[in-house]
Amino acid sequence: MEEFTYTRPATADDATGAHSAAEDAMYMAGGQTLIPVLKQGLAMPTDVVDLNRVDDLAGIQVTGDAVTIGAMTRHAVVAASAEVKGAIPALTVLAGGIGDAQVRNRGTMGGSLANNDPSADYPSAVLGLGATVTTNQREIPADEFFDGMFATNLEDGELIKSVTYPIPEKAGYAKFPNPASRYALVGVFVAKTAGGVRVAVTGAGQDGVFRPAEVEAALSADFSAAALDGVTVPADDLMTDMHAAADYRAHLIVVMAKRAVNQANGQG
Amino acid sequence: MGFEGAMPEISLSINGAQVTGTVEGRTLLVEFIRETMKLTGTHTGCDTSQCGACTVHLDGKAVKSCTMLAVQADGAEVTTIEGLAPEGEMNPMQQAFNDHHGLQCGFCTPGMVMRAMALVAENPDPTEAEVRHGLEGNICRCTGYQNIVAAVLDGAKALRG
């Protein structure tokens with residue numbers, strides 16, 4: 001790993017200040033992606049601003065109509081939260097299936113979203129629930145947050161503080177994990193909300209997380225797994241790699257969507 | 001708010017003993033444990049955050065020490081595999097791995113045992129499925145896992161008393 005200057009701010013303001021004062025800084029959240037990236041020399045920042053001691057970025061708040069999760073809240077904490085489970089059980093399912101137990105003890109929601117790995121789980125919850133990302137500068141609606149593979153519309157130095165998930169009528173998340181990495185080969189988040197049905201797919205799109213129009217249309221008419229019988233998703237813009245071809249991923253999207261709908265409907 | 005120099009000094013508890021040391025920002029926790037503290041029971045298997053051989057407990061929770069900076073453990077309580085058998089006598093989970101031959105080459109074993117101890121601390125009576133899910137972050141390339149799972153179930157039972 002290349003050398004860097006390490007700073008450990010105690011407040012979000014100090015963190016953004018340290019970032020802007022440095023030549024080429026990166027924030028470190030849980031580090032479960034960034035540390036491997038630094039080891040491989042895929043990123044060589046002059047400064048690492050560690051967010052792990054910024055207490056006001058972690059925590060969970062549940063109100064009557066929304067769940068707000070601090071950016072530095074670790075996956076294991078969300079997975080084990082009775083409050084989150086009571087409001088949006090699909091979120092605890094999703095968080096409890098990220099990576100492995102050791103990764104969930106360190107990895108954070110904000111880090112996952114800022115990195116926007118095309119196979120990460122959290123982006124599908126943010127897009128599927130139509131959540132709002134709150135940064136040190138503004139509020140960003142889910143539909144405007146993601147900007148392609150490993151890219152978001154965050155400005156340089158902009159810091160995610162929390163995400164607010166509106167509580168849906170029902171929601172579910174199902175993924176086919178890559179057997180080695182546990183990343184989603186395909187993950188599908190479905191939500192029936194006051195504003196309609198939203199579906200978000202991770203692991204499959206060439207441009208990262210996306211909303212499959214065919215699946216949303218079928219589930220808007222009838223929010224049941226049977227409504228997806230015969231529905232197909234075009235493979236044109238899906239990824240092909242050593243793990244799966246695009247047409248296989250297209251098939252898995254419908255299969256995972258059915259499982260997610262069944263989970264949302266309390267049918268397994 | 002941070003460290004003024006390029007070489008932070010850290011102070012932490014390792015296996016119950018308070019230690020201090022000077023590290024670089026980029027020093028990994030596993031490097032500090034193995035190279036500075038000379039506790040070589042913690043293994044670096046893959047160095048890409050996948051295999052879990054480097055698993056230690058950080059304030060009671062299992063983490064991959066190759067995917068944490070040493071400076072991030074400043075002020076924490078770290079337990080390594082050596083901390084499970086301070087008197088040289090195997091603890092019940094280690095004994096269960098021995099009894100069930102939950103290993104072949106043994107390289108992954110320290111991480112397996114540390115993860116198993118954390119799993120059982122959270123869930124003293126896990127099902128086989130919970131053990132398998134709980135061990136997803138630990139890779140063994142010899143055994144096929146069958147005896148490891150049997151060892152963890154038996155170790156859990158022994159620890160329940």
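### Comments concerning the overall build of chain A
Turning to step 1, where the next piece is worked out: Across its full length, chain A carries 11 helices and 11 strands.
Turning to step 2, where the next piece is worked out: Reported as C-alpha extents along the three principal axes, the dimensions of chain A are approximately 55 × 45 × 30 Å.
Turning to step 3, where the next piece is worked out: Looking at chain A as a whole, 58% of its 268 residues qualify as buried.
Turning to step 4, where the next piece is worked out: When contacts within chain A are restricted to residue pairs at least 6 apart in sequence, those whose partners lie at least 24 apart make up 59%.
Turning to step 5, where the next piece is worked out: A total of about 10700 Å² of accessible surface is found on chain A, and carbon and sulfur atoms cover 48% of it.

### Some points on helix H11 (residues 246-264) of chain A
Residue and element names in this part refer to chain A.
Turning to step 1, where the next piece is worked out: The end-to-end C-alpha distance of H11, which contains 19 residues, comes to 26 Å, matching closely the 27 Å that a straight helix rising 1.5 Å per residue would cover.
Turning to step 2, where the next piece is worked out: Those residues of H11 that sit buried are Ala 246, Arg 249, Ala 250, Leu 252, Ile 253, Val 254, Met 256, Ala 257, Ala 260, Val 261 and Ala 264.
Turning to step 3, where the next piece is worked out: Next to the buried residues of H11 lie strand S9 (170-177), strand S10 (184-193), strand S11 (196-202) and helix H10 (213-221).
Turning to step 4, where the next piece is worked out: Note on H11: the residue one or two positions beyond its end, Gly 266, has a positive phi of about 70 degrees.

### Re the state of the cysteines
Residue and element names in this part refer to chain B.
Turning to step 1, where the next piece is worked out: Counting across every chain of the model gives 0 disulfides over all chains.
Turning to step 2, where the next piece is worked out: Unpaired in this structure, Cys 108 has its nearest cysteine sulfur neighbour in Cys 140, at a distance of 3.9 Å.
Turning to step 3, where the next piece is worked out: Overall, the relative accessible area of 12% leaves Cys 108 in the buried class.
Turning to step 4, where the next piece is worked out: In this structure Cys 140 comes out as buried when scored by relative accessible area, which is 5%.

### Observations concerning the environment of A:Glu139
Turning to step 1, where the next piece is worked out: Note on placement: A:Glu139 falls in strand S7 (residues 139-141).
Turning to step 2, where the next piece is worked out: Among residues more than four places away in sequence, those in contact with A:Glu139 are A:Thr132, A:Val133 and A:Thr134.

### Structural notes on the nonpolar core
Most often, soluble globular proteins have nonpolar side chains that are buried together.
Turning to step 1, where the next piece is worked out: Counting residues in hydrophobic clusters, the biggest one holds 36 residues, and the most contacted among them are A:Leu91, A:Leu113, A:Tyr122, A:Val126, A:Tyr165 and A:Phe189.
Turning to step 2, where the next piece is worked out: Setting aside residues no more than four positions away along its own chain, A:Val126 makes contact with A:Leu113, A:Ala131, A:Val133, A:Ala142, A:Phe146, A:Val163 and A:Tyr165.
Turning to step 3, where the next piece is worked out: Counting 31 residues, the second largest nonpolar core, distinct from the first, contains A:Val48, B:Leu12, B:Val63 and B:Ala73.

### As for helix H2 (residues 92-99) of chain B
All names here are of chain B.
Turning to step 1, where the next piece is worked out: Those residues of H2 not exposed but buried are Met 93, Gln 94, Ala 96 and Phe 97. One side of H2 carries all its buried residues, which in axial view fall inside an arc of 160 degrees.
Turning to step 2, where the next piece is worked out: Of the surrounding secondary structure, the elements contacted by the buried residues of H2 are helix H3 (109-122) and helix H5 (146-160).
Turning to step 3, where the next piece is worked out: Taking the backbone nitrogen of Met 93 as reference, a side-chain oxygen 2.9 Å away marks Asn 91 as the first, capping residue of H2.
Turning to step 4, where the next piece is worked out: Taken from the residues just after H2, His 101 is the one with a positive phi, measuring 50 degrees.

### Thoughts on unusual backbone geometry
Residue and element names in this part refer to chain B.
Turning to step 1, where the next piece is worked out: You will see that Asn 15, though not glycine, has its phi angle at about 50 degrees, which is positive.
Turning to step 2, where the next piece is worked out: Among the secondary structure elements, Asn 15 is positioned in the loop between strand S1 (9-14) and strand S2 (17-22).
Turning to step 3, where the next piece is worked out: We classify Asn 15 as partly exposed; its relative accessible area is 28%.
Turning to step 4, where the next piece is worked out: Even without glycine at this site, Tyr 145 takes up a positive phi of about 75 degrees.
Turning to step 5, where the next piece is worked out: Here Tyr 145 falls in the partly exposed class, since its relative accessible area comes to 22%.

### Brief notes about the interface of chain A and chain B
For an interface, size is often stated in terms of accessible area lost upon the parts coming together.
Turning to step 1, where the next piece is worked out: Of the residues lining the interface, 29 residues belong to chain A; the matching set on chain B comes to 29 residues.
Turning to step 2, where the next piece is worked out: Taken over both partners, the interface formed by chain A and chain B buries close to 2500 Å², and the fraction arising from carbon and sulfur atoms is 53%.
Turning to step 3, where the next piece is worked out: Taken together, chain A and chain B are joined by 5 salt bridges.
Turning to step 4, where the next piece is worked out: A salt bridge links A:Arg182 to B:Glu136; the nearest nitrogen and oxygen atoms lie 2.8 Å apart.
Turning to step 5, where the next piece is worked out: Linking chain A with chain B are 13 residue pairs in polar contact (both at pLDDT 80 or more).
Turning to step 6, where the next piece is worked out: For the side of chain A that touches chain B, the secondary-structure elements that each account for two or more residues are strand S1 (5-7), helix H1 (12-21), helix H2 (34-39) and helix H6 (101-106) of chain A.

### Things to note about the sheet that holds strand S3 (residues 55-58) of chain B
Residue and element names in this part refer to chain B.
Turning to step 1, where the next piece is worked out: The mixed open sheet is built from 5 strands, whose spatial order is S2-S1-S5-S3-S4. For this open sheet the edge positions go to S2 and strand S4 (61-64), each flanked by a neighbour on one side alone. On average, adjacent strands in this sheet sit at an angle of 40 degrees to one another, irrespective of strand direction.
Turning to step 2, where the next piece is worked out: In terms of strand pairing, S3 meets S4 through 4 bridges, oriented antiparallel. Following the sheet pairing, Val 56 is matched in S4 by Val 63.
Turning to step 3, where the next piece is worked out: In the packing of helix H1 (residues 29-36) onto the sheet, contacts are made with S1, S2, S3 and strand S5 (77-79), and the angle to S1 comes to roughly 75 degrees.
Turning to step 4, where the next piece is worked out: On the sheet, H3 packs against S3, S4 and S5 and is oriented at approximately 35 degrees with respect to S3.

### Brief notes about the domain arrangement of chain B
Residue and element names in this part refer to chain B.
Turning to step 1, where the next piece is worked out: Each assigned domain of chain B is listed with its residue range as follows: domain 1 (9-84) and domain 2 (92-160).
Turning to step 2, where the next piece is worked out: Domain 1 and domain 2 are separated by 21 Å when their C-alpha centres are compared.
Turning to step 3, where the next piece is worked out: Between domain 1 and domain 2 lies a buried interface of about 1300 Å² when both sides are counted; carbon and sulfur atoms form 66% of it.
Turning to step 4, where the next piece is worked out: Among the residues domain 1 hides against domain 2, the three largest losses belong to His 43, Ile 81 and Leu 84. Together they make up 35% of the total.
Turning to step 5, where the next piece is worked out: Where domain 1 meets domain 2, there are 0 salt bridges.
Turning to step 6, where the next piece is worked out: The interface formed by domain 1 and domain 2 holds 5 residue pairs in polar contact (both at pLDDT 80 or more) in total.
Turning to step 7, where the next piece is worked out: Listed by contribution, the elements that provide at least two residues to the side of domain 1 that touches domain 2 are S3 and S4.
Turning to step 8, where the next piece is worked out: Taken together, the residues that form the side of domain 1 that touches domain 2 break down as 5 nonpolar, 11 polar and 1 charged.

Conventions and cut-offs
Residues numbered from 1 in each chain as written. Chains lettered and ligands numbered in written order. Predicted model: local features only at pLDDT ≥ 70, side-chain atom pairs only at ≥ 80, totals over all residues. Heavy atoms only, no water. Helix = DSSP H or I, 4+ residues; strand = E, 2+ residues; numbered from the N terminus. Buried < 20%, exposed > 50% of the residue type's maximum accessible area, 1.4 Å probe, protein only. Contact = heavy atoms within 4.5 Å. Areas by Shrake-Rupley, 256 points an atom, 1.4 Å probe, with all protein chains shown as cover. Expected span 1.5 Å × (residues − 1). Disulfide = S-S within 2.5 Å. Core = buried A, V, L, I, M, F, W, Y, C linked by side-chain atoms within 4.5 Å. Arc of directions from axis to C-beta. Polar contact = N/O pair within 3.5 Å; in protein donor to acceptor, adjacent residues only side chain to side chain. Buried area = accessible area lost by both parts, 1.4 Å probe. Salt bridge = Lys/Arg side-chain N within 4 Å of Asp/Glu carboxyl O. Pairing = 2+ DSSP bridges. Axes fitted to C-alpha atoms, helices over the stretch in contact; angles between N-to-C directions. Domains from an automatic or database assignment. Nonpolar A, V, L, I, M, F, W, Y, C, P; charged D, E, K, R; others polar.

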